[in-house]
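Observations on chain architecture
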Amino acid sequence: MRILVVEDDRKVATFIRRGLEEEGYAVDVLHDGAAAGEQAHCIEYDAAVLDLMLPGRSGFQVLRDIRAEKAELPVLILTAKSSLEERVTGLDSGADDYMVKPFALAELSARLRALLRRGKPRDTRLNMADLEVDIVRRTVTRGGRRIELRPKEYALLEYLMRNSDRPVTRSLIIEHVWDIHFDSISNVVEVHINSLRHKIDREFSPPLIHTVRGVGYMLTDKPP
């Protein structure tokens, strides 16, 4: 899952970024509103966290930009503006949720998970053969056995599960699991794929993670 955070307070932005990355999200951070709408249009995000008081363009302007191009993108406003009128205005302007600073990271994360689940009740559990991913509890089991994954391993597996039975390129994996500052020359994708194979496939049959030569990888119970 890839999250866009637009927050001019660099300490707050770093706090949010680190917390969400620890949960396995890919997080891009912008500190002003000028480029936020354009970036949300150019990059496929799963959700956005948006401050209202931004240099360049206000959060309301950014929200209008996003809604003009990505009506379905979940947007959570995170702001110091706390009056009832401001909350109502924010929600009426197209935000899906509204949080007031100061905030607890655990609540922000829970609200994001709720937004990501909204309208997708069938996606709370992803299955392939005897492999199951519970995206609410962020747990993985195969053959009824619990499999412990590191945050990026989990994020990679969830992305492969959401695109099961179709090949995904290395570039798409990088875009959705890592962030815009990721070194594309690094072999970290291959390292994480190998780690997942070790945990998901080594003691089970059939193998589910396959290399598609010249394309990328695919999760399927039918060999490509």
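Parameters and conventions
Residues numbered from 1 in each chain as written. Predicted model: local features only at pLDDT ≥ 70, side-chain atom pairs only at ≥ 80, totals over all residues. Heavy atoms only, no water. Pairing = 2+ DSSP bridges. Helix = DSSP H or I, 4+ residues; strand = E, 2+ residues; numbered from the N terminus. Axes fitted to C-alpha atoms, helices over the stretch in contact; angles between N-to-C directions. Contact = heavy atoms within 4.5 Å. Buried < 20%, exposed > 50% of the residue type's maximum accessible area, 1.4 Å probe, protein only. 1 Å grid on protein atoms, 1.4 Å probe; cavity = no way out; pocket = protein on both sides within 12 Å on 5 of 7 lines; lining within 4 Å. Points joined across faces, edges and corners; volume = space filled by probe spheres on them. Nonpolar A, V, L, I, M, F, W, Y, C, P; charged D, E, K, R; others polar. Right-handed = clockwise from strand over helix to strand, strands pointing away. Expected span 1.5 Å × (residues − 1). Arc of directions from axis to C-beta. Polar contact = N/O pair within 3.5 Å; in protein donor to acceptor, adjacent residues only side chain to side chain.

The parallel open sheet is built from five strands, whose spatial order is E2-E1-E3-E4-E5. Strands at the two margins of the open sheet, each flanked by one partner only, are strand E2 (26-30) and strand E5 (97-100). For this sheet, the mean inter-axis angle between neighbouring strands, taken without regard to orientation, is 20°. As defined by bridge partners, strand E1 (residues 2-6) adjoins E2 across five bridges and the pair is classed as parallel. Within the sheet, the bridge partner assigned to Val 6 lies in E2 and is Leu 30. Along the sheet, helix H1 (residues 10-22) contacts E1, E2 and strand E4 (75-79); its crossing angle with E2, the most-contacted strand, is approximately 170°.

All buried positions along helix H7 (residues 170-177) are accounted for by Ile 173, Ile 174, His 176 and Val 177. On the buried face of H7, the contacting elements are E1, E2, helix H6 (151-162), strand E10 (168-169), helix H8 (188-200) and strand E12 (216-219).

Below, the discussion takes up empty space enclosed by the protein. Evaluated as defined, the whole model comprises two cavities of 30 Å³ or more. Lining the largest cavity we find Met 1, Tyr 25, Arg 113, Leu 116, Arg 117, Ile 135, Val 136, Arg 138, Glu 158 and Arg 162. Sorting the residues of the lining of the largest cavity by element identifies helix H5 (105-117) and H6 as the ones contributing at least two each. Residue contributions to the lining of the largest cavity peak at three residues, all from H5. Grouping the amino acids of the lining of the largest cavity by side-chain chemistry returns five nonpolar, no polar and five charged. As a volume, the second largest cavity reaches approximately 30 Å³. Lining the second largest cavity are Met 1, Gly 24, Tyr 25, Arg 138, Tyr 154, Ala 155 and Glu 158. Each residue belonging to the lining of the second largest cavity can be placed in one class, and the counts come to four nonpolar, one polar and two charged.

Burial of the side chains of strand E3 (residues 47-50) extends over both faces: Ala 47 and Val 49 are buried on one face and Ala 48 and Leu 50 on the other. As defined by bridge partners, E3 adjoins E4 across three bridges and the pair is classed as parallel. By the bridge assignment, Val 49 is partnered in E4 with Leu 76. On the question of chirality, the crossover connecting E3 to the parallel E4 by way of helix H3 (residues 59-69) is right-handed.

Further remarks concern H1. The end-to-end C-alpha distance of H1, which contains 13 residues, comes to 18 Å, matching closely the 18 Å that a straight helix rising 1.5 Å per residue would cover. Of all the positions in H1, only Val 12, Ala 13, Ile 16, Gly 19 and Leu 20 are classed as buried. The buried side chains of H1 occupy one side of the element, clustering within an arc of 135° when seen end-on. H1 presents Arg 10, Lys 11, Arg 18 and Glu 22 as exposed residues on the side facing more than 90 degrees away from its buried surface. On its buried face, H1 is in contact with E1, E2, E4 and H5. Where H1 begins, the capping side chain belongs to Asp 9, and its oxygen is found 3.0 Å from the backbone nitrogen of Lys 11.

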